[in-house]
Amino acid sequence: MEAKVLMPPKIQQTFQSMDEVYDLISRSRPVQDYNDGIRKARSADSIMGKLPNDGHFPWFSSRMNGSFVRKVSSERSDLTADGGNTAQNLLVTVAAIDNGTRSTGKSEHVVNYRTILSSPEKQENATHGFMDGNKDKESALWMKIKKEPSFPIYLKFSDVGYKVRRVNERPSPVSNSMEYVLQGVTGSVEPGEILALMGPSGGGKTTLLNILSGRIKIKSDSGSITYNDQPYSKALKQRIGFVLQDDVVFTSLTVRETLTYAALLRLPKTLTKQQKEERVMNVIFDLGLERCQDMIVGGASARGISGGERKRVCIGSEILLDPSLLFLDEPTSGLDSTTAIRIIQMLLNIAHAGKSVVITIHQPSSKIFNMFDKLILLGKGSSLYFGKASEAMIYFSSIGCRPLIPMNPAEFLIDLANGNINDKSIPMELELKSLNGSQQIKCHEDSPSPIDIHEYLLGVYETRVADVEKQKLLAPAPFDRRWIVQGGTSSNDLRVNWLEQCHILFCRGLKERRREYLNCIQVTQVITTATIIGSLWWDSDASSPKKLQDQVGLLFFMSVFWGHFPVFAAIFTFPKERAMLSKERSVDMYKLSAYFIARTMSDLPLDLILPTVFLLIVYFMAGLRSDFVAFLNSMLTIFLTIVAAQGLGLAVGASLMDVKKATTLASVIIITFILAGGYFIEKTPFFMEWIRYLSLNYHAYRLLLKAQYRCTNKSHNSYDPCESPYIKGFRLDNGGMEVGALIAMAFGYRILAYLFLKKTIVQSS
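In what follows, the accompanying structure is described.

**A word on the overall build of the chain**
Reasoning step 1: For the chain, the count of helices and strands is 30 helices and 12 strands.
Reasoning step 2: Across the 765 residues of the chain, 51% fall into the buried class.
Reasoning step 3: Pairs at least 24 residues apart make up 72% of the contacts formed inside the chain by residues separated by at least 6 positions.
Reasoning step 4: Accessible surface computed for the chain: about 36,400 Å², of which carbon and sulfur atoms make up 55%.

Here it is in structure tokens:
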């Protein structure tokens, strides 16, 4: 029998007929500006203001008597599908009940949620059934569906174990140097559910989350993990989202810029830039970030959005791809109770949209605890409970563990996992063993030790629950076989090409660094230094050997200043972005080579602004050669020195990935280069001669001398600097060797930096 969809009662109370709804929407003009269209769609009191609303999502879910109800009031993601031609599209209100009928006993047929979710063909047929049963304009409008069918993932894992080497122990054939972080953990999560991994610190929650998400590989004998009854594959990677515990974001970008660049890099290349930006706006409004979308994210050094908003930005970066399986590590860590509830409610809405959600959580409030569908309680790497979260207290009460005072269920469970039984009833078996003075139980004041509590809970779980749950996992997942992820399709094949990655990352680097580099402190530093130098060498000349020596000292200082200043600035580049780079590379957002080239290229435009200002001030205050060619050669020399110095800083920073160690090493290198630069010592021992040719300062100093004292023509001054023994000692030529050396350094240091960076990323992964 064909399914039937009625006009929701709330709309019946608001509008006389669907004609009125149709007229209101049809009068919406084509959206020329997407943001304007979204604002009109959200602020239209005639539509959104009179429809049910829950939180920041355009749909909401509720559970009643084991039934699952999903109501859809509007879906702005349809604007992406039709290119933004309409301001708003109404979708079907679907009431999906497990038994297929309403509890009221009425004869209206409804759509079963699991049936539609498990088969795209059934979902399409259900939609056509609605349309065939209601040919009129009302149902045709109400049934407008353009959203792609959900891709359900049923996650199952059994006897998962993971062990690591003990600290300061080497492998030995005699002693076992490995210890278990996880041992025998079993569980599952289905579409529409939230699985919470709960336990004390060090219990193995994050390790288990990383294993289930594929970020940590385990051996075949360390348990089985299946996704839709299939092992993990590269093609599955694009269906999985992972939100780290730490909010790893660029602090200088705005919320919208952060999500936009993530969308441009991660969404399929088949989508246009406009469609990707529209997807970003959908996520911003769905997560309730519209008020702060133009604010910088901020961090410790710059004030920005709140902690809850920053967490939502991180979640938004993952749900841009509409993942079927979402993992979150401590999403409520560091948030107040109200914000934490809001985050979990948002995850609940995501799950009710047909997604599987797995989170780790330390000690949630009772309200948050009641939002979970399933729960795994971990203690010392072992599973002490797996099942419905609502039945956890019943289970532990059945084995003799009950709270003696009113207590938060999560707090009660964490205490048990820690072996703390204060204000809790002691199981009869443990109490009898304690009274009998069993040698296996070391008692203190007739109470079992934490080890005894752990062993008892683990033994009871393995006896009563573990085998039953393992048998349940043997049953095939209820999904259509076409949802099996086929291997071989890499996420890299679906995203933008290498050149586009470079362009996007270059633009992101410019926007990220413009606020960081052109700040008042650095601008003031360069201008003040230039003014002081210009004042000290005010209107200098080379009319005498003494004055020549003073002017040569200025040129050497310029080579030193712009030979070490960029080095220490570049050292921080890769260590500071290591967390972000690891996060983005873990999901194959871009090629490492594209990131490296874009990152180094984006530094150049900004790094050349301040040197230009510096040289304009110093050059004319100090009265250097008033010749455009000389000025241009000096400027190009400074630019080339900066590019080479940046390469050195990048190589040092990438080789150590530790700012303190890199700064120490760079200091030694720079001091060596300065001493061998040709100003303090003219003739070096033959066995140290090679250092001079590796020195940035040596080549930059020679080029500056060449620019100021060109000895091809006779000087008009009474004293000719070219006749000075000091200048003759340098044997200045056309400068080709120095230019070639600096160019070789600029490329050579960057190649070393890339190799060091690649090695670091490979080791960390």
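The rest of the description comes next.
**Focus: the environment of Ala-351**
Reasoning step 1: Along the chain, Ala-351 falls in helix H12 (residues 337-352).
Reasoning step 2: Sequence separation of Ala-351 and Glu-193 is 158 residues, and the distance between their C-alpha atoms is 5.6 Å.

**As for helix H18 (residues 498-517)**
Reasoning step 1: For H18, with 20 residues, the first-to-last C-alpha span of 27 Å sits near the 28 Å given by 1.5 Å per residue.
Reasoning step 2: For H18, the complete set of buried residues consists of Gln-501, Cys-502, Ile-504, Leu-505, Arg-508, Gly-509, Glu-512, Arg-513 and Tyr-517.
Reasoning step 3: The inward-facing, buried residues of H18 contact helix H9 (255-266), helix H19 (520-536), helix H22 (578-586), helix H23 (592-607) and helix H24 (609-621).
Reasoning step 4: Where H18 starts, the residue carrying a side-chain oxygen 3.3 Å from the main-chain nitrogen of Leu-499 turns out to be Asn-497.

**Remarks on the pairing of strand E8 (residues 240-243)**
Reasoning step 1: Of the two faces of E8, the one holding Ile-240 and Phe-242 and the one holding Gly-241 and Val-243 are both buried throughout.
Reasoning step 2: Alignment of E8 against strand E9 (residues 325-329), held across 4 bridges, turns out to be parallel. Bridging from a neighbouring strand, Gly-241 pairs with Leu-326 of E9.

**Topic: the pattern of salt bridges**
Reasoning step 1: This model, assessed by the stated rule, comprises 18 salt bridges.
Reasoning step 2: For Arg-599, the salt bridge identified is with Asp-603, shortest N-O distance 2.5 Å. Linking Arg-599 with Asp-603, this pair stays in helix H23, spanning 4 residues, or about one helical turn. Each member of the pair, Arg-599 together with Asp-603, is buried.
Reasoning step 3: Each of Arg-513, Glu-577, Arg-599, Asp-603 and Asp-607 takes part in a single network of salt bridges with overlapping partners.

**Describing the packing of H18 against H23**
Helix-helix packing is characterised by the crossing angle of the two axes and by the distance between the axes.
Reasoning step 1: At a minimum axis distance of 8 Å, the contact between H18 and H23 shows a crossing angle of 40°. The angle between the axes of H18 and H23 places the two elements in the oblique class. Pair H18 / H23 crosses with right-handed handedness. Across the interface between the two elements, Trp-498, Gln-501, Cys-502, Leu-505, Phe-506, Gly-509, Leu-510, Glu-512, Arg-513, Arg-514 and Tyr-517 from H18 touch Ser-593, Ala-594, Tyr-595, Ile-597, Ala-598, Arg-599, Met-601, Ser-602, Asp-603, Pro-605, Leu-606 and Asp-607 from H23.

**Observations concerning the packing of helix H25 (residues 628-656) against helix H30 (residues 736-764)**
Reasoning step 1: Their axes nearest at 8 Å, the elements H25 and H30 cross at an angle of 20°. The angle between the axes of H25 and H30 places the two elements in the roughly parallel class. As for how H25 packs across H30, the hand of that crossing is left-handed. In this structure, H25 contributes Leu-640, Thr-641, Val-643, Ala-644, Gln-646, Gly-647, Leu-648, Leu-650, Ala-651, Ala-654 and Ser-655 to the contact, and H30 contributes Val-739, Leu-742, Ile-743, Met-745, Ala-746, Tyr-749, Arg-750, Leu-752, Ala-753, Phe-756, Leu-757 and Thr-760.
Reasoning step 2: Per-class residue counts for the contact of H25 with H30 are 17 nonpolar, 5 polar and 1 charged.

**With respect to H19**
Reasoning step 1: With 17 residues, H19 extends 24 Å from end C-alpha to end C-alpha; this agrees with the ideal 24 Å at 1.5 Å per step.
Reasoning step 2: Within H19, the full set of buried residues consists of Val-526, Ala-530, Ile-533 and Gly-534. Axial view of H19: buried residues confined to an arc of 100°, hence all on one face. With respect to the buried face of H19, the exposed residues turned more than 90 degrees away are Cys-520, Ile-521 and Leu-536.
Reasoning step 3: Taken together, the buried residues of H19 touch helix H20 (545-571) and H24.

**Some details on the nonpolar core**
Reasoning step 1: Judged by nonpolar contacts, the single largest core of 96 residues is most densely connected at Leu-155, Leu-347, Phe-372 and Phe-396.
Reasoning step 2: With 9 residues, the single largest contributor to this core is H12.
Reasoning step 3: Beyond its immediate stretch of four places on either side in the chain, Phe-396 contacts Leu-377, Leu-384, Tyr-385, Cys-401, Phe-412, Leu-413, Leu-416 and Leu-457.
Reasoning step 4: One finds Val-526, Ala-530, Ala-630 and Ala-746 within the second-largest nonpolar core, a separate group that totals 52 residues.

**Concerning the side chain of Gln-275**
Reasoning step 1: Inspection of the secondary structure assignment puts Gln-275 in helix H10 (residues 273-286).
Reasoning step 2: Reaching out from Gln-275, the side chain makes a polar contact with the backbone nitrogen of Thr-272 at a distance of 3.0 Å.

**As for the packing of aromatic side chains**
Reasoning step 1: Summed over the entire model, instances satisfying the criterion amount to 25 aromatic pairs.
Reasoning step 2: Where Phe-574 meets Phe-596, the ring centres are 5.8 Å apart and the plane angle is 20°; that geometry is what we call stacked. Of the two residues, Phe-574 sits in helix H21 (residues 573-576) while Phe-596 sits in helix H23, which places them 22 residues apart along the sequence. For the pair shown, Phe-574 and Phe-596 are each scored as buried.
Reasoning step 3: One aromatic cluster is present, built from ring pairs that chain together Phe-557, Phe-561, Trp-562, Phe-565 and Phe-614.
Reasoning step 4: Positioned above the aromatic ring of Phe-242 is the side chain of Arg-215, whose terminal nitrogen or guanidinium carbon lies 4.2 Å from the ring centre.
Reasoning step 5: In this arrangement the basic side chain of Arg-239 is found over the ring face of Phe-151, its NZ or CZ atom lying 4.1 Å from the centre.

About the cut-offs
- Residues numbered from 1 in each chain as written.
- Predicted model: local features only at pLDDT ≥ 70, side-chain atom pairs only at ≥ 80, totals over all residues.
- Heavy atoms only, no water.
- Helix = DSSP H or I, 4+ residues; strand = E, 2+ residues; numbered from the N terminus.
- Buried < 20%, exposed > 50% of the residue type's maximum accessible area, 1.4 Å probe, protein only.
- Contact = heavy atoms within 4.5 Å.
- Areas by Shrake-Rupley, 256 points an atom, 1.4 Å probe, with all protein chains shown as cover.
- Expected span 1.5 Å × (residues − 1).
- Polar contact = N/O pair within 3.5 Å; in protein donor to acceptor, adjacent residues only side chain to side chain.
- Pairing = 2+ DSSP bridges.
- Salt bridge = Lys/Arg side-chain N within 4 Å of Asp/Glu carboxyl O.
- Axes fitted to C-alpha atoms, helices over the stretch in contact; angles between N-to-C directions.
- Parallel < 35°, antiparallel > 145°, perpendicular 65-115°, else oblique.
- Left-handed = near helix turned anticlockwise from the far one by under 90°.
- Nonpolar A, V, L, I, M, F, W, Y, C, P; charged D, E, K, R; others polar.
- Arc of directions from axis to C-beta.
- Core = buried A, V, L, I, M, F, W, Y, C linked by side-chain atoms within 4.5 Å.
- Phe/Tyr/Trp six-rings, centres within 6.5 Å; stacked < 30°, edge-to-face > 60°.
- Lys NZ or Arg CZ within 6 Å of the ring centre and 35° of its normal.

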